[in-house]
Amino acid sequence: MSALELLAQQIINGLSLGAIYALIALGYTMVYGTIELINFAHGDVFMVGSFVALLIVGSLGVAGTVAGPAVAIVMLAVLLGAMLATGLLGVVIERAAYRPLRRAPRLAPLITAIGVSFILQNIVQLRAGPSPVSFPDVMPNPIIDAGNVIISAKQLMIIFVSIVMMAGLQWFVLNTRLGRAMRATAQDRQAAALMGIDINLTIALTFFIGSALAGAGGFVFGIYYNSVWFINGYIAGLKAFTAAVLGGIGNIVGAMLGGVLIGLLESLSAQYVSERYVDAIVFGILILVLVFRPSGLLGQQLPESA
Amino acid sequence: MRSKFLTFLSSGSAAVMLLAACGGGAAPSAAPASSAAPKPASAAASGGASAAASKPAGSAAASASAKPAASGAASGAASAALAPGATVTIGVELPMSGGEAANGVPTSNGVKLAVDQANAKSGNKYKYQATILDDAVNGKHDPAQGAKNIQQFSADKSVMGVVGPFNSNVAQAEIPLTNEAGLVQISPANTNPDLTKTDKAKDLRKAHPSDIAYFRVCTTDDFQGPAGADYAFKTLNKKAAFIVDDNETYGKGIADEFEKRFSADGGKALGHEHLSSGQQDFKSLLTKAKATNPDLIYFGGVTTTGGGLLRKQMTDVGMQQITYMGGDGIVEDEFLKEAGAAGNGAWGTVAAPIAEKLPEAADFIKAYNAKFTDPKDKIGAYSASGFDAANIIIQAVENAGADRAKVRAYVAGVKDFKGALGTYGFDQFGDTTAKIISMWNVDGGKWVAKDQFAFK
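Every chain is numbered independently, its residues counted from 1 as its sequence is written. Lettering for chains starts from A, numbering for ligands starts from 1, and both go in the order in which the items are written. Only residues with pLDDT of at least 70 are given local features in this predicted model, and only at 80 or more are side-chain atom pairs given and counted; all residues enter the totals for whole chains, interfaces and linings. Each side-chain value is derived from all of the structure's non-hydrogen atoms; neither hydrogens nor water enter the calculation.

Draft legend 1. Expanded view of the overall build of chain A. Where helices and strands are cited, they refer to DSSP runs of H or I of at least four residues and of E of at least two residues respectively, numbered from the N terminus. The number of helices and strands found in chain A is 11 helices and four strands. Taken over the C-alpha atoms alone, chain A extends approximately 60 × 45 × 40 Å along its principal axes. Counting across all 306 residues of chain A, residues that qualify as buried make up 57%. Residue pairs in contact within chain A that sit at least 24 positions apart in sequence constitute 78% of those at least 6 positions apart. Each charge class in chain A was averaged separately, 14 positive and 12 negative side chains, and the resulting centres sit 12 Å apart. Three exposure classes are used, based on accessible area relative to the maximum for each residue type with a 1.4 Å probe and protein chains only: buried under 20%, partly exposed in between, and exposed over 50%. In what follows, a contact means two residues having at least one pair of non-hydrogen atoms within 4.5 Å. Positive charge is attributed to Lys and Arg, negative charge to Asp and Glu, and no charge count is given to His or to the chain ends. To locate a charge, the coordinates of NZ of Lys, CZ of Arg, CG of Asp or CD of Glu are taken.

Draft legend 2. Representation of the overall build of chain B within the structure. Within chain B, the regular secondary structure consists of 15 helices and 16 strands. At a minimum sequence separation of 6, the contacts of chain B that also span at least 24 residues come to 74%. Exposure was quantified through the Shrake-Rupley algorithm and a 1.4 Å probe, taking into account, for residues, occlusion by the shown protein chains and nothing else. With an accessible surface of roughly 17,200 Å², chain B has 55% of that area assigned to carbon and sulfur atoms.

Draft legend 3. Region of the structure containing unusual backbone geometry. Residue and element names in this part refer to chain B. The omega torsion across G164 and P165 is -5°, close enough to zero to call that bond cis. Assignment of secondary structure puts P165 in the loop between strand 5 (159-163) and helix 6 (168-181). For N247, which is not glycine, the phi dihedral falls at a positive 65°.

Draft legend 4. Geometry of the nonpolar core. Grouped together as the largest cluster of nonpolar side chains are 98 residues, with contacts concentrated most on A:Y98 and A:V138. Looking at this core element by element, the count peaks at 15 residues for helix 8 (residues 199-225) of chain A. Residue contacts for A:Y98: discarding those within four places in its chain leaves A:L37, A:N39, A:A41, A:I93, A:P109, A:T112, A:A113, A:V116 and A:F207. Judged by nonpolar contacts, the second largest core, of 81 residues, contains B:F166, B:L286, B:A352 and B:A389. Residues enter a nonpolar core if they are buried and are Ala, Val, Leu, Ile, Met, Phe, Trp, Tyr or Cys, with the set joined through side-chain atoms within 4.5 Å.

Draft legend 5. Main features of the sheet that holds strand 10 (residues 296-300) of chain B. Residues and elements named next belong to chain B. Spatially, the seven strands line up as an open sheet ordered 9-8-10-11-12-15-16, and their pairing is mixed. Strands with a single pairing partner mark the edges of an open sheet, and in this sheet they are strand 9 (268-274) and strand 16 (446-454). Taking the axes of each pair of neighbouring strands and ignoring which way they run, one obtains an average angle of 25° across the sheet. The rule for pairing is simple: two strands pair if DSSP sees at least two bridges between them. The pairing of strand 11 (residues 323-326) with strand 12 (residues 347-350) spans two bridges and is parallel. Each bridged residue has a counterpart across the sheet, and for M325 the counterpart in strand 12 is W347. Only the stretch in contact is used when fitting a helix axis, every axis being a line fitted to C-alpha atoms; angles between N-to-C directions are given from 0 to 180 degrees. Across the sheet, helix 10 (residues 283-290) touches strand 8 (240-245), strand 9 and strand 10, and the angle it forms with strand 8 is around 160°. Along the sheet, helix 11 (residues 307-316) contacts strand 8, strand 10 and strand 11; its crossing angle with strand 11, the most-contacted strand, is approximately 175°.

Draft legend 6. Spotlight on the environment of A:F46. All names here are of chain A. On the secondary structure map, F46 appears in helix 2 (residues 42-59). Residue classification places F46 among the buried residues on the basis of a relative accessible area of 1%. A C-alpha to C-alpha distance of 7.9 Å links F46 and G237, two positions 191 residues apart in sequence. Here F46 is in contact with I20, I24, A214, G217, G218, F221, N232, G233 and A236, once residues within four sequence places are set aside.

Draft legend 7. Spotlight on the pattern of salt bridges. Residues and elements named next belong to chain B. For salt bridges, the criterion is a side-chain nitrogen of Lys or Arg within 4 Å of an Asp or Glu carboxyl oxygen. Taken as a whole, this structure holds 23 salt bridges over all chains when the rule is applied. Residues K200 and D194 are paired through a salt bridge, measuring 3.5 Å at the closest nitrogen-oxygen approach. With its nearest N and O atoms 3.8 Å apart, the salt bridge here joins K376 to D377. In the salt-bridge network here, residues are joined through shared partners; they are K197, R216, D222 and D431.

Draft legend 8. Quick peek at the environment of B:S277. Topologically, B:S277 is positioned in the loop between strand 9 and helix 10. Note: C-alpha distance between B:S277 and B:N192 (85 residues apart in sequence) is 23 Å. With residues up to four places along the chain from it excluded, the contact list for B:S277 reads A:I235 and A:D279.

Draft legend 9. Up close: the packing of aromatic side chains. What counts as a ring pair is set by centres within 6.5 Å for rings of Phe, Tyr and Trp (its six-membered ring), and what kind of pair is set by the plane angle: stacked under 30 degrees, edge-to-face over 60, tilted for all other angles. Overall, the coordinates contain 20 aromatic pairs over all chains when judged by the stated rule. Their ring planes at 85° and their centres at 6.0 Å tell us that B:F233 and B:F262 sit as a pair that is edge-to-face. Of this pair, B:F233 sits in helix 8 (residues 224-235) while B:F262 sits in helix 9 (residues 249-265), and the two are 29 residues apart along the sequence. Note on B:F258 and B:F262: the rings are 5.3 Å apart at their centroids and 15° apart in plane angle, and the pair reads as stacked. Taken together, the residues B:F258 and B:F262, both in helix 9 and four residues apart, mark about one turn of the helix. Ring pairing ties together the aromatic residues A:F46, A:F221, A:Y224 and A:Y225, which thus form one cluster. When the ring centre of B:F233 is taken as origin, the NZ or CZ atom of B:K239, which lies over that ring, is 3.8 Å away. Criterion for a charge above a ring: Lys NZ or Arg CZ within 6 Å of the ring centre, and within 35 degrees of the ring normal.

Draft legend 10. How the structure looks around the packing of helix 3 (residues 70-98) of chain A against helix 4 (residues 107-128) of chain A. Residue and element names in this part refer to chain A. Remark: helix 3 packs on helix 4, axes separated minimally by 11 Å, with the N-to-C direction vectors making an angle of 130°. For the element pair helix 3 / helix 4, the angle class is oblique. For the element pair helix 3 and helix 4, the recorded crossing hand is right-handed. Side by side, helix 3 and helix 4 meet where L89, I93, A97 and Y98 of the first sit next to P109, T112, A113, V116 and L120 of the second. Throughout this entry, Asp, Glu, Lys and Arg are counted as charged residues, while Ala, Val, Leu, Ile, Met, Phe, Trp, Tyr, Cys and Pro are counted as nonpolar. The remaining residues, Gly among them, count as polar. Looking at the contact of helix 3 with helix 4, its residues break down into eight nonpolar, one polar and no charged. Roughly parallel means an angle under 35 degrees; roughly antiparallel, over 145; roughly perpendicular, 65 to 115; everything else is oblique. Crossing handedness follows the turn of the near helix against the far one: under a right angle anticlockwise gives a left-handed crossing, and clockwise gives a right-handed one.

Draft legend 11. Quick peek at the sheet that holds strand 5 of chain B. Residues and elements named next belong to chain B. The five strands lie next to each other as 2-1-5-6-7, forming an open sheet whose pairing is parallel. Taken across any chain shown, the strands that pair with only one partner, and hence form the sheet edges, are strand 2 (127-134) and strand 7 (214-216). Across this sheet, the average inter-strand angle for adjacent strands is 25°, counted without regard to direction. Alignment of strand 1 (residues 87-94) against strand 2, held across eight bridges, turns out to be parallel. Residue pairing for strand 2: T87 is matched across the bridge by K127. Against the sheet, helix 6 engages strand 1, strand 6 (184-187) and strand 7, with an angle of about 160° to strand 6.

Draft legend 12. Region of the structure containing the packing of helix 5 (residues 153-175) of chain A against helix 6 (residues 177-187) of chain A. All names here are of chain A. Two elements in contact, helix 5 and helix 6, have axes whose closest approach is 5 Å; the angle formed by their N-to-C orientations is 80°. Overall, the two elements helix 5 and helix 6 adopt an arrangement that is roughly perpendicular. Here F172, V173, L174 and N175 of helix 5 lie close against helix 6, whose contacting residues are R177, L178, G179, R180, M182 and R183. The residue makeup of the contact of helix 5 with helix 6, split by class, is five nonpolar, two polar and three charged.

Structure representation (structure tokens):
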């Protein structure tokens, strides 16, 4: 394995990891862009998504690898089910925990978000137990071996799912009426309301989409790692949050870019520095970004909103 | 926007820190021993019965034979001796109810068998009985309950020794009490080195630092790393290892010891990496390891800190043919679930012998199976250990007399006891001299005992 092959392999590892972070980061950034709340429960919504995917796999009676074309149907059903469930969960969280606090001082919803995070963790811990739960190995995983560089089918699947989700989101936000309503609400909530936009509906929609994307992240996580755990949302959520800040919080393309960059940063620092410093490097980057470029790589200096 | 954003994030980062502080606490501690066994109808004999049964026969003879032991370890109450012919109680202190009954019951049966054999043997000077106290509260071993049990045994003058406990944290609560009382305690199953030979161990026996009262017939975790290294190098013929640990006390400890020994044996340690907690993706780490061309990946840690996923992900980066080895932290069913099919072929060390495979244990196993026929009494991994622990106490009572101080001094001097686990004695810390490590291998989706050897 030459140095170049090693680099290529680590870039592949980093891209597939970063794709998951990007899916989660989108939810952070969308919610922040709309109501300027860092939704710390978002990582746990992702975790719930992985458990919902597990439930659906179980209720479909799938216990092992699915052979043939049926695998595509099973995976699509699980993906959509997990997205729908987490999307609705996001709406419920927004309605119950954040909307009543929309005019409260900023710290209140932030602390509430942390509370929601613990509630979700504890519910899942009660239901699924304190140990990691194994996720059936639904997807066959042939390995594409290009010389010394290996790409597994699962890695390709993750990257594919992420690209489809992100492209779909981008299209939705830029080209539909609801997307335009979301952008208008993000820019100026009051003015948007004056223009006849239903603010509550738009914010609920934002939560639905962001949480559904986290559900998609939970689905690929379960398929990829074959193990889900009630505390998984915590670290993954923090990394995705870092990705969102790195890309420019509030900026959708920035979140995708940030996610991929964090994934690459992790795999390259595991290779060229040391596995044990990976987290320190990632969160060190977060600090540097906050100090030197608080609006992130792609963030714009928005005018102060009222 | 800039200033507002910064203010906002400062509150955000405070929240991050808050979450970080709580995150560690939310993670459950890994419990390697997982077993779910049916709860026995009742938790064996209760302590009260034995107190009534023990005849105060010793009181008269006590004044005659209660010469203070040379060591002077015995404290007032415990110095009374029993006259020959009296009934000596062997205390048994194990988890006997709930899920952990599967550990306690077969171990206590080993003690019962030893007591039966001693009573059947003509020429023994004393009669024996086993009194069993349960240290499980609500189905889980409990150090406070263990300490209470020891106090009860300690107050009972007929108790000349205690077999137990099963769990290291229970032992931590009990050792100071038995040390204070000068009452011999032999554990069939504790493997934590901190109970006997570290500075922490010294704190446990402050009352009588030089008169060790706590002994054990199984070896300690700190031999797992070096024993694994020997086995990998000499038996599995592995020459180049890449070492990974979970950066926790247990995991880093055995991984460091493995590395030292493996290098000393002549093997090559290609690298040693540490995982960060909460990490799930090890592909980058494994890619790095793969580039160094190892023939063995050694993992120090438990399944939930990465032991299962690391093995699983070895297949994703094309390393499935490389041997994987760890300590007893991965020798559990959880590992099989996490690693899935990739788990096959993995090796793990356990600091206990496989009794069925010891030639010396053949007679014991025959006698055990003849006496205990109920499925819930099925022979367990520590039945032979309980049997030996009880026999050491019985031998001490027969040879030194039923006097706690003399029994303690006798046990401390045991050098070549012939038991079901082989011939062994106790070293200066109270640890067994037979450092038998068993090797387990995942075969057909199950952990199978493959081999064992005396570590030197």
